[in-house]
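# Secondary and tertiary structure notes
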Amino acid sequence: MELTELQTESYRLTKEMVAIPSVNGTPGEKDIGIYIEKYLRSIPYFTEHPTEIVIQKLQSDPLERRNVFAILEGKKDRSKKTIILHGHTDTVGVEDYGLLKECCFDSDMLKEALKEAPLSEEVRQDLESGQYMFGRGSVDMKSGDAVFMALAKYMSERLDEIDGNLIFAFNPVEENMHTGMIESLDFLLKLKQERGYEYLFALNNDYTCPLYVGDKHNYIYTGAVGKLLPCFYIKGKSTHVGQCLEGFDASLVAARLVDNINLNTEFCDEYEGEYSLPPAVLKLTDLKDFYNVQTAQEAFVYFNYFVHDESIENITRKLINAAEVSLSEVKYRIKTSSKDYYQKAGMEYTPIKYDPKAYEYSEVLEKARKNYQGDFEKYIGEMILSINKKTSDVREQMMLLVKEIAQIARIEAPAMVFFYAPPYCPHNTLHKEIDKEKKILDDMRLVLQEIGKEEGVNYGICHFYPSLSDSSYLKIDDPETSIKALVNNFPNMKDYYPVPIDKISSLSIPALTIGTYGKDAHKWTERVHKGYTFGVLPKLIEKIIKYNLGA
Ligand SMILES: [Zn+2]
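Before going into details, it helps to say that this report is about the structure given with it. Since we're looking at a predicted model, the values are computed, not measured.

Counting secondary structure elements, the protein chain contains 17 helices and 19 strands. In summary, the protein chain has a C-alpha radius of gyration of 26 Å against a globular reference of 24 Å for 551 residues, a match within 12%. Structurally, the protein chain occupies a C-alpha span of about 90 × 55 × 45 Å along its principal axes. Of all 551 residues assigned to the protein chain, the portion counted as buried reaches 56%. Within the protein chain, residue pairs in contact and separated by at least 24 positions form 81% of the contacts whose partners lie at least 6 positions apart. Distance from the positive charge centre (66 side chains) to the negative charge centre (85 side chains) of the protein chain: 2 Å.

Shown next as structure tokens:
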């Protein structure tokens with residue numbers, strides 16, 4: 001196989017894989033795994049070495065999803081240096097395509113259909129340029145998988161030139177829980193123990209895109225943004241609307257809290273000039289089941305919260321502070337509105353005294369443990385089982401558990417209980433203060449300079465891949481104290497989100513994203529740039545491999 005063939009093969013495989021719907025949480029996730037395995041097994045090297053393809057079925061998964069691995073051991077000098085090349089095989093849903101849903105898995109049909117669709121100027125230009133392939137999963141990231149698959153074939157014919165090893169990994173369930181990557185850690189640890197592999201770094205081929213309108217760069221990311229899901233259970237004092245000034249409305253507290261945190265750039269986390277996006281509210285609800293004329297007694301709010309480098313202790317402190325501010329603002333609002341109203345109405349005003357408080361979950365748990373008469377752990381265990389039957393959403397389950405524990409702790413309203421819920425994605429990047437990491441960074445710069453010149457590409461290097469990705473689970477930069485702050489405020493973490501922090505820490509594999517290039521991932525106009533993704537990207541990866549595995 002020649003390089004040009006690698007490029008056409010990647011294109012062909014992408015088209016075929018887009019045609020296999022593998023929407024997250026559907027049986028197609030199994031189908032795409034089987035397709036990838038079949039392709040890899042058709043490569044002559046793997047026909048001769050069938051045990052170098054490993055299928056790892058996900059634990060107790062009714063959809064029988066699987067990780068697919070292919071291992072290539074170089075024959076030159078046989079060092080243990082190893083590079084992991086990984087991609088996810090699932091896609092997001094297709095509801096956004098509307099009437100075009102029928103053809104979103106057929107890039108040719110979709111291209112024709114799009115000609116008649118209302119498109120923005122930019123999308124129309126891209127469509128007419130012939131430079132893009134459209135379709136669900138085209139840029140995110142079947143083209144990335146396809147490049148790796150074709151590359152596996154290409155490199156399998158050049159093992160004499162490689163001093164070290166390549167592991168190709170194709171993982172399902174990335175778009176929500178990252179289960180594929182999390183379970184693949186066991187396999188990577190096994191190879192480390194049994195074969196003595198030393199992992200240099202991992203390359204994720206997930207999508208890259210312009211970072212602002214008119215951006216002409218291609219980006220390489222030397223790590224991944226972290227994500228937290230801070231949650232607030234709000235306990236107010238309900239009242240009849242006819243005495244609306246006599247309550248402490250949980251909805252009003254929730255509204256203030258959202259206003260204080262949502263899109264607030266004071267929460268952006270800066271690391272070496274790179275800023276994380278501000279928090280975004282993902283849930284805002286009262287806990288009323290039906291209509292009545294009472295104000296809300298309880299509410300529940302949570303946010304997406306990106307992290308670059310800040311410690312979780314600090315973040316927790318800032319969020320608790322925002323909760324306290326919100327509670328005081330509501331207290332003040334009730335006071336001023338009451339005063340104004342009674343004055344206008346010519347009635348006597350007697351202020352109601354409130355002492356609202358914001359608590360961390362860990363404090364509430366401690367209080368509850370002290371108060372409970374009997375076997376607290378047993379009681380909580382039973383409580384969890386009964387709650388889990390009420391709802392399948394893990395965040396709702398955790399909120400109901402927190403509510404229960406707050407009751408035992410005798411937390412008096414008005415109050416807020418703060419906790420973390422899944423997913424938690426660790427952040428990581430390369431640090432120039434650490435020699436080993438600096439070397440990867442310097443080497444990468446050289447390779448990018450070289451290929452940038454050859455191909456006329458203007459590369460930018462960023463610390464953090466800005467979308468959530470599997471790369472989070474290969475290296476964890478949070479120090480122990482920070483992880484402790486998370487675990488302490490994460491109810492029943494061992495069952496609700498058992499992130500194998502120990503395994504990640506012991507592997508600690510620098511996790512870079514090089515990636516496909518295109519636009520509008522997760523939108524119905526998703527499209528991959530053919531020239532870069534099938535033309536330049538395979539050459540870039542080949543160069544990286546040769547540079548690091550001494551060919
Ligand atoms: Zn992706």
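And the narrative resumes.
So, about the coordination of the zinc ion. Only His88 (NE2), Asp140 (OD), Asp206 (OD) and Asp206 (OD) from the protein coordinate the zinc ion, and they sit 1.9 to 2.6 Å from it. For the zinc ion, the four donor atoms in the first shell make angles of 53 to 142° at the metal, a pattern classed as irregular.

Evaluated as defined, the whole model comprises 42 salt bridges. Across the salt bridge formed by Glu64 and Lys30, the nearest N and O atoms sit 3.3 Å from each other. Here Lys30 lies in helix α2 (residues 28-41) and Glu64 lies in the loop between β1 (53-57) and β2 (66-73), a separation of 34 residues in the sequence. Residue Glu64 is classed as partly exposed on the basis of its relative accessible area of 36%. On the basis of relative accessible area, Lys30 is assigned to the partly exposed category, the value being 23%. Where Lys546 meets Glu542, a salt bridge forms, and the shortest distance between an N and an O atom there is 3.0 Å. Of this pair, Lys546 and Glu542 both sit in helix α17 (residues 530-548), separated by four residues, roughly a single helical turn. A relative accessible area of 10% means that Glu542 is categorised as buried.

In spatial order, the strands read β4-β19-β18; together these three strands make up an open sheet with antiparallel pairing. Among the strands making up the open sheet, the edge pair consists of β4 (132-134) and β18 (518-519). In the sheet, β4 pairs with strand β19 (residues 527-529) via three bridges, with the strands oriented antiparallel. Note that in β19 the partner of Met133 across the bridge is Val528. Docked against the sheet, α17 engages β4 and β19, running at close to 50° with respect to β19.

Rules used throughout
Residues numbered from 1 in each chain as written. Predicted model: local features only at pLDDT ≥ 70, side-chain atom pairs only at ≥ 80, totals over all residues. Heavy atoms only, no water. Helix = DSSP H or I, 4+ residues; strand = E, 2+ residues; numbered from the N terminus. Rg over C-alpha atoms; globule rule 2.2 N^0.38 Å. Buried < 20%, exposed > 50% of the residue type's maximum accessible area, 1.4 Å probe, protein only. Contact = heavy atoms within 4.5 Å. Lys, Arg positive; Asp, Glu negative; His and termini not counted. Charge placed at Lys NZ, Arg CZ, Asp CG, Glu CD. Donors = N, O, S within 2.8 Å, 3.2 Å for Na, K, Ca; no water. Tetrahedral: all angles 85-135°; square planar, octahedral: opposite > 155°, others 65-115°. Salt bridge = Lys/Arg side-chain N within 4 Å of Asp/Glu carboxyl O. Pairing = 2+ DSSP bridges. Axes fitted to C-alpha atoms, helices over the stretch in contact; angles between N-to-C directions.

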